[in-house]
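One-letter residues, chain by chain:
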Amino acid sequence: DTAVSQTPKYLVTQMGNDKSIKCEQNLGHDTMYWYKQDSKKFLKIMFSYNNKELIINETVPNRFSPKSPDKAHLNLHINSLELGDSAVYFCASSLVGDQPQHFGDGTRLSIL
Amino acid sequence: GENVEQHPSTLSVQEGDSAVIKCTYSDSASNYFPWYKQELGKRPQLIIDIRSNVGEKKDQRIAVTLNKTAKHFSLHITETQPEDSAVYFCAGQAGTALIFGKGTTLSVSS
């Protein structure tokens, strides 16, 4: 069983569209995260949720809206996609904030 | 907030040599420092971590050292093998956010 699973693995779409990425963890962790990895491989935190509550919201455009229906799921919805949104988005989870983080396999988002 | 600098950005070694990657951090409140290895097209995977109350930690060929006073920490890989080739990221954590360095691409040639 994959510990942190993301769907879809690849997402190719047109500028201006709205899309969602789903993430689920079966590790029983309380904290979940979204990271963006750009073309230069730089990994940057976007959001952090602890037990369904938003803890961190870095300077991310409000076109990005995370939703956590329960502590095992953290989904990411993106409105009005722009070319600069092309990246790999990683979901991760940890038991609590300062514990090892386990990453999903990533979603490669390409905007045409 | 936390800022993590990582050097070098690329590192090429011969198989069997040692490799050292260095990071510095800015926030003295940071207390957790993991290292991740990312192979091409794959997810980052934790390889070793250290907390601020420890100066050194080893796991087989991998070791991490931490100097809290100087705010720097280093990854040491001994007896490198071709399968060690990957991008390595250091990170520092204050609160719930992991702040990553920009990565080091390690190439091990046989």
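Residues numbered from 1 in each chain as written. Chains lettered and ligands numbered in written order. Predicted model: local features only at pLDDT ≥ 70, side-chain atom pairs only at ≥ 80, totals over all residues. Heavy atoms only, no water.

### Section: the sheet that holds strand β1 (residues 4–7) of chain B
Two pairing modes exist for strands in a sheet, parallel and antiparallel, and in both the strands are linked by backbone hydrogen bonds. All names here are of chain B. Pairing in this open sheet of five strands is antiparallel, and the strands run β1-β3-β8-β7-β6 from one edge to the other. With partners counted over all chains shown, the strands left at the sheet margins are β1 and β6 (56–59), one partner each. Mean inter-strand twist for the sheet, computed between neighbouring axes without regard to direction, equals 15°. Sheet analysis places strand β7 (residues 62–67) next to strand β8 (residues 72–77), joined by six bridges and oriented antiparallel. Bridge pairing links Ile62 to Ile77 in β8. (Pairing = 2+ DSSP bridges. Helix = DSSP H or I, 4+ residues; strand = E, 2+ residues; numbered from the N terminus. Axes fitted to C-alpha atoms, helices over the stretch in contact; angles between N-to-C directions.)

### Brief notes about the state of the cysteines
Under the criterion given, the structure shown has two disulfides over all chains. Across a sulfur-sulfur distance of 1.9 Å, Cys23 of chain A and Cys91 of chain A are joined as a disulfide pair. Disulfide Cys23 of chain A-Cys91 of chain A: the torsion about the S-S bond is -80°, which places it as left-handed. On the criterion of sequence distance, the pair formed by Cys23 of chain A in strand β3 (residues 19–25) and Cys91 of chain A in strand β9 (residues 87–94) is long-range, its members being 68 residues apart. The pair formed by Cys23 of chain A and Cys91 of chain A is uniform in burial state, with each residue classed as buried. The disulfide bridge from Cys23 of chain B ends at Cys90 of chain B, spanning 1.9 Å between sulfur atoms. In this structure, the disulfide formed by Cys23 of chain B and Cys90 of chain B twists by about -100° around the S-S bond and is classed as left-handed. With Cys23 of chain B in strand β3 (residues 19–25) and Cys90 of chain B in strand β9 (residues 86–94), this pair connects stretches of sequence that are 67 residues apart. In this pair, the class of Cys23 of chain B matches that of Cys90 of chain B, namely buried. (Disulfide = S-S within 2.5 Å. Buried < 20%, exposed > 50% of the residue type's maximum accessible area, 1.4 Å probe, protein only.)

### Re the sheet that holds strand β8 (residues 73–78) of chain A
All names here are of chain A. Strand order in this open sheet of four strands is β1-β3-β8-β7, and the pairing throughout is antiparallel. One side of each edge strand has no neighbouring strand; the edge strands of this open sheet are β1 (4–7) and β7 (64–70). When the angles between neighbouring strand axes are averaged without regard to direction, this sheet yields 20°. The pairing of β1 with β3 spans four bridges and is classified as antiparallel. Within β3, the residue paired with Ser5 across the bridge is Glu24.

Note that every value here comes from positions in space, so none of it alone points to a role or purpose.
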